[in-house]
Amino acid sequence: MPLPLLPPLPFGVGASPQCWASLAGIQGCVVEIITSYTTGRIGVISPACCIAITNIQSDCWPKLFPLNPLFPAGLKTFCAAPPLLRPSITSKLEPQLKKEQIGITQCWSSVRNITGCVAQIVEAFSSAKTDDIGPACCKAIISTIDNKCWVKMFPFNPFFGPILVHLLLDVAKQELYMRETVGYLPSEFIRRLP
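Let me sum up the structure you'll find in this document. None of the values given here were measured: they were computed from a predicted structure.

Considerations on the packing of aromatic side chains
In step 1: Taken as a whole, this structure holds three aromatic pairs when the rule is applied.
In step 2: Between Tyr-37 and Phe-71, the ring centres sit 5.1 Å apart and the planes meet at 80°, which makes this aromatic pair edge-to-face. Placement of the pair is Tyr-37 in helix H2 (residues 29-39) and Phe-71 in helix H5 (residues 70-80), with a sequence separation of 34 residues. There is no split in this pair, since Tyr-37 and Phe-71 are both buried.
In step 3: Relative to Phe-160, the ring of Trp-150 has its centre 6.0 Å away and its plane inclined at 80°; by these criteria the two rings are edge-to-face. Of this pair, Trp-150 sits in helix H10 (residues 147-153) while Phe-160 sits in helix H11 (residues 160-181), and the two are 10 residues apart along the sequence.

Here it is, written out as structure tokens:
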């Protein structure tokens, strides 16, 4: 059964769409920022994404990352530096950022070992589509990530996690109903056709 689209989600706490506008046109930039934020690895940010980051207004940063003021400062420092200096900046900043990421890492740990699950969650966040979330990832999302973790994992949109869980629970309930009343899901019926 295909999963529904996520409804339009509000941007970060108090952040307007303009805060994300410079990132929107750069392929993969949002994913790079989320990866950097969740791993404490600032060196994953590409030069194109860095240009977009330097265009974000300074009053947007505390709204996008209200729980971690060190991260935006590190991101801006890294991206404002000439490319040749970025490796030395990375080696100085990443240990500090990784200390900040311990709670975030613990939240992601329940889905990190499921092949592709982190990417599926990030894709659902960036595309507002849930179709690509596999069964194992779906089960982990529903059963292991609590609301406190979702806020740490996506501080720029604290509503994302609860809405995603709600949608996935609805689909799971529909699939259970189909299995109990018909005996199989529509997708299983199609596979059974000659």
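Observations regarding helix H8 (residues 117-127)
In step 1: The complete set of buried residues in H8 reads Cys-117, Gln-120, Ile-121, Val-122, Ala-124 and Phe-125.
In step 2: Trailing H8 by a residue or two, Ala-128 shows a phi angle of about 65°, which is positive.

Some thoughts on the state of the cysteines
In step 1: Scanning all chains against the criterion turns up four disulfides.
In step 2: Covalently, Cys-50 is tied to Cys-79 through a disulfide, its sulfur atoms 2.2 Å apart. Across the S-S bond of Cys-50 and Cys-79 the torsion is about -65°, and the bridge reads as left-handed. Taken together, the residues span a long stretch of sequence, with Cys-50 in helix H3 (residues 47-54) and Cys-79 in helix H5 at a distance of 29 residues. As far as the burial class goes, Cys-50 and Cys-79 line up, both buried.
In step 3: Two residues, Cys-107 and Cys-149, share a disulfide whose sulfurs are 2.1 Å apart. Negative torsions about the S-S bond denote left-handed disulfides, and the value of about -75° found for Cys-107 with Cys-149 makes this one left-handed. With Cys-107 in helix H7 (residues 102-112) and Cys-149 in helix H10, this residue pair connects regions lying 42 residues apart in the sequence.
In step 4: Judged by relative accessible area, Cys-107 falls into the buried class, the value being 4%.

Rules and cut-offs
Residues numbered from 1 in each chain as written. Predicted model: local features only at pLDDT ≥ 70, side-chain atom pairs only at ≥ 80, totals over all residues. Heavy atoms only, no water. Phe/Tyr/Trp six-rings, centres within 6.5 Å; stacked < 30°, edge-to-face > 60°. Helix = DSSP H or I, 4+ residues; strand = E, 2+ residues; numbered from the N terminus. Buried < 20%, exposed > 50% of the residue type's maximum accessible area, 1.4 Å probe, protein only. Disulfide = S-S within 2.5 Å.

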